[in-house]
Amino acid sequence: MLDTADNIELFCNAGQRNVQANISDACLRDLPWLYMTDKLVTRPAVIVGGGPSARSLIPIIRDMQNHGAVVFALNGAMRWLMAHCIQADYHVILDARPQNADFVVAHADPHYLLASQCHPDVFYRVGDKPATVWHSHID
């Protein structure tokens, strides 16, 4: 088994000081936090990140959701799914840059899963929509 820490070089695109400030801000918000539990979930999950291959999977994504799968949209995939008449159940945002607030779609109604390092503008744009905060396990 490969250890990804030895094989993938990671770079922070927002600056460590900015990330720390974002995390401090998120910790002060009155939002629930995501915790690992031993609750077993038996529904399939569809994670949509975009890219050219996703286009051919639209019918499969739609069919799986119609049969009970939970759809997770990553970043800009939310808007892309909506353009194909698919409403994601969850919208996951991790990136710490302020422009990621543009990923939040005003007329969408998913549950937001926001990394604590997300910029305050993302939280502001989400507003009072359902949201849960989580800590990513990266440096």
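Residues numbered from 1 in each chain as written. Predicted model: local features only at pLDDT ≥ 70, side-chain atom pairs only at ≥ 80, totals over all residues. Heavy atoms only, no water.

Participant: Before we go on, may I ask you to explain the environment of Leu34 in this structure?
Facilitator: For Leu34, the position within the fold is in the loop between α2 (16-27) and β1 (45-48). Each C-alpha atom of the pair Leu34 and Val48 lies 20 Å from the other, and the pair is 14 residues apart in sequence. With sequence-adjacent residues up to four places away left out, Leu34 is seen in contact with Thr132, Val133 and Trp134. (Helix = DSSP H or I, 4+ residues; strand = E, 2+ residues; numbered from the N terminus. Contact = heavy atoms within 4.5 Å.)

Participant: What should I look at first to understand the environment of Cys12 in this one?
Facilitator: Note on placement: Cys12 falls in the loop between α1 (4-7) and α2. Judged by its relative accessible area of 44%, Cys12 is partly exposed. (Buried < 20%, exposed > 50% of the residue type's maximum accessible area, 1.4 Å probe, protein only.)

Participant: Help me understand the side chain of Asn22, please; the structure alone is not making it clear to me.
Facilitator: By secondary structure assignment, the location of Asn22 is in helix α2. One polar contact links the side chain of Asn22 to the main-chain carbonyl oxygen of Ala96, over a distance of 3.1 Å. Separated by 2.9 Å, the side chain of Asn22 and the backbone oxygen of Gln117 make a polar contact. Apart from residues no more than four positions distant in its own chain, Asn22 is found in contact with Ala96, Ser116, Gln117, Cys118, His119 and Pro120. (Polar contact = N/O pair within 3.5 Å; in protein donor to acceptor, adjacent residues only side chain to side chain.)

Participant: Would you mind going over the pattern of salt bridges with me for this structure?
Facilitator: Applying the stated criterion to the full structure yields 3 salt bridges. One salt bridge in this structure joins Asp25 and Arg29, with 2.8 Å as the shortest N-O distance. Taking the shortest distance from any N to any O, the salt bridge between Arg125 and Asp102 comes out at 3.5 Å. A residue pair is termed long-range when its members are at least 10 positions apart, and Arg125 in helix α6 (residues 120-126) and Asp102 in the loop between β3 (90-93) and β4 (111-115) qualify at 23 residues. For Arg125, a relative accessible area of 41% corresponds to the partly exposed category. (Salt bridge = Lys/Arg side-chain N within 4 Å of Asp/Glu carboxyl O.)

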